[in-house]
Each structure stands twice: as C-alpha cells, then as structure tokens.
Amino acid sequence: MKKINVGRVLLGGFVAGVALNIGESILNGVLLAKSSEEELKGLGLSAPGGGFIAKAVVMTFILGFIIVFTYAAIRTQFGPGVKTAVCAGLLSWFCVYVYVGVIQTGLGFVSSRLALIGAVWGLVEYSIGAVAGAWLYKEAEA
C-alpha cells in the first residue's frame, strides 16, 4: 500500500482551494449578489462583512485540501485520473451543497431557487477544483 504524499496533497489542495475560491467569488459576489442581499434583508440580516469573508476563504482552502486528500486516498481503489478526481470533488459537493442546501431551505434561510443555482454551479466548480488539485498529486516515493 502506498503512502499519501502529504506535500503533494498540500500543493494540490492549495490549487483546488484557489479554483474553489474563484468560483465562490463569482457565484456569490457577482451572479447571486443581488438575490442574496434581498433574501438576507428579508430575514432581517445584513450582507456578510470582511470577517465572514475571511473565514469563508480559509474554510474553502481547507476544503480544497480535503478534496485532494480524498482523491489521494481513493485513487488506490479507483485509479488515478479525472474520473477519480471528479468523484472526490462530488463527495465534497454533496456534503457542502446538497446537505447544507436541504437544511437551509428547510429552515427558510435560503430560497430553493438560490440553493438550486448554487448546487448546479458547485457541481461544476467542485469538479474543476478537484481535477486541478488532483493534476498536481503524485504518490509518495517508496
């Protein structure tokens, strides 16, 4: 059994995190900015400030590392490549977008429309991020 190359997980995870953060910036800062602001106002909340954005960026980088770590762990079973990377990305996508989206829409924190747009966007974003991060991953030398 080969060992996971932690250095390459960190490198690939950083690249995946950059891709995810770019995608989130476009989604939330441009495409859904107005709709999100309106929904927040409807809940009596203001737009997120710099502190929230900093936390979200850091957590998104951590998610990039988790996606590449997952890729490294499952590639022994599924083989290296795009298909395995997308599987790793989709696992995180499900945990983030689907699970959280169902909970948030159920509680009335976000409309089904915004949750669906985010989930579809995230499906592409997480696949791209996972493939970009996995592209840099190589097994540890024995």
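Now for a description of the structure that goes with this document. (Residues numbered from 1 in each chain as written. Predicted model: local features only at pLDDT ≥ 70, side-chain atom pairs only at ≥ 80, totals over all residues. Heavy atoms only, no water.)

**Brief notes about the layout of surface pockets**
As a volume, the largest pocket reaches approximately 1400 Å³. Around the largest pocket, the lining is made up of 39 residues, and of these Glu24, Asn28, Pro48, Phe52 and Ala56 lie nearest the centre. Contributions of two or more residues to the lining of the largest pocket are made by helix 1 (6-31), helix 2 (33-42), helix 3 (50-78), helix 4 (82-107) and helix 5 (112-135). Among the elements that take part in the lining of the largest pocket, helix 3 stands out by supplying 10 residues, more than any other. For the lining of the largest pocket, a count of residues per class yields 24 nonpolar, 10 polar and five charged. (1 Å grid on protein atoms, 1.4 Å probe; cavity = no way out; pocket = protein on both sides within 12 Å on 5 of 7 lines; lining within 4 Å. Points joined across faces, edges and corners; volume = space filled by probe spheres on them. Helix = DSSP H or I, 4+ residues; strand = E, 2+ residues; numbered from the N terminus. Nonpolar A, V, L, I, M, F, W, Y, C, P; charged D, E, K, R; others polar.)

**Re the environment of glutamate 37**
Within the fold, glutamate 37 resides in helix 2. When the C-alpha atoms of glutamate 37 and alanine 47 are compared, they prove to be 6.1 Å apart, with 10 residues separating the residues in sequence.

**Quick word on the pattern of salt bridges**
Per the stated rule, a full pass over the model turns up two salt bridges. Among the salt bridges present, the one from lysine 41 reaches glutamate 37, with a minimum N-O distance of 3.5 Å. Of this pair, lysine 41 and glutamate 37 both sit in helix 2, four residues apart, which is roughly one turn of that helix. Across the salt bridge formed by arginine 75 and glutamate 139, the nearest N and O atoms sit 3.1 Å from each other. Highlighted residues: arginine 75 in helix 3 and glutamate 139 in the segment after helix 5, separated in sequence by 64 residues. Each member of the pair, arginine 75 as well as glutamate 139, is classed as buried. (Salt bridge = Lys/Arg side-chain N within 4 Å of Asp/Glu carboxyl O. Buried < 20%, exposed > 50% of the residue type's maximum accessible area, 1.4 Å probe, protein only.)

**A short note on the nonpolar core**
Ranked by internal contacts, the top residues of the largest apolar core, which has 23 residues, are Ile67, Tyr71, Tyr97, Tyr126 and Tyr137. Every element with two or more residues in this core is listed here: helix 1, helix 3, helix 4 and helix 5. When sequence neighbours within four positions are dropped, the list of residues in contact with tyrosine 71 reads Pro80, Gly81, Thr84, Ala85, Ala88, Ala134 and Tyr137. (Core = buried A, V, L, I, M, F, W, Y, C linked by side-chain atoms within 4.5 Å. Contact = heavy atoms within 4.5 Å.)

**Focus: the packing of helix 4 against helix 5**
As a packed pair, helix 4 and helix 5 sit with axes 8 Å apart at the nearest point and diverge in direction by 155°. Comparing their axes, helix 5 and helix 4 come out roughly antiparallel. In this structure, helix 4 meets helix 5 at a crossing whose hand is right-handed. For the pair formed by helix 4 and helix 5, the contact residues are Val82, Ala85, Val86, Gly89, Leu90, Ser92, Trp93, Val96, Tyr97 and Thr105 on the first element and Ser112, Ala115, Gly118, Ala119, Gly122, Leu123, Glu125, Tyr126, Ser127, Ala130, Val131 and Ala134 on the second. (Axes fitted to C-alpha atoms, helices over the stretch in contact; angles between N-to-C directions. Parallel < 35°, antiparallel > 145°, perpendicular 65-115°, else oblique. Left-handed = near helix turned anticlockwise from the far one by under 90°.)

**Points about the packing of helix 3 against helix 5**
Between helix 3 and helix 5, the least distance of the axes is 9 Å, while the angle of their chain directions is 65°. Of the two elements, helix 3 crosses helix 5, and the hand of that crossing is right-handed. Across the interface between the two elements, Leu63, Ile67, Val68 and Tyr71 from helix 3 touch Tyr126, Ala130, Gly133 and Ala134 from helix 5. A per-class count over the contact of helix 3 with helix 5 returns seven nonpolar, one polar and no charged.

**Thoughts on a nonpolar patch on the surface**
Taken together, the side chains of Leu43, Leu45, Phe94, Tyr99, Val100, Ile103, Leu107 and Phe109 define a hydrophobic patch exposed on the protein surface, amounting to about 780 Å² of accessible area. Tracing the backbone shows leucine 43 in the loop between helix 2 and helix 3. (Patch = residues over 30% accessible without salt bridge, like charges linked within 9 Å, V, L, I, M, F, W, Y side chains within 5 Å. Areas by Shrake-Rupley, 256 points an atom, 1.4 Å probe, with all protein chains shown as cover.)

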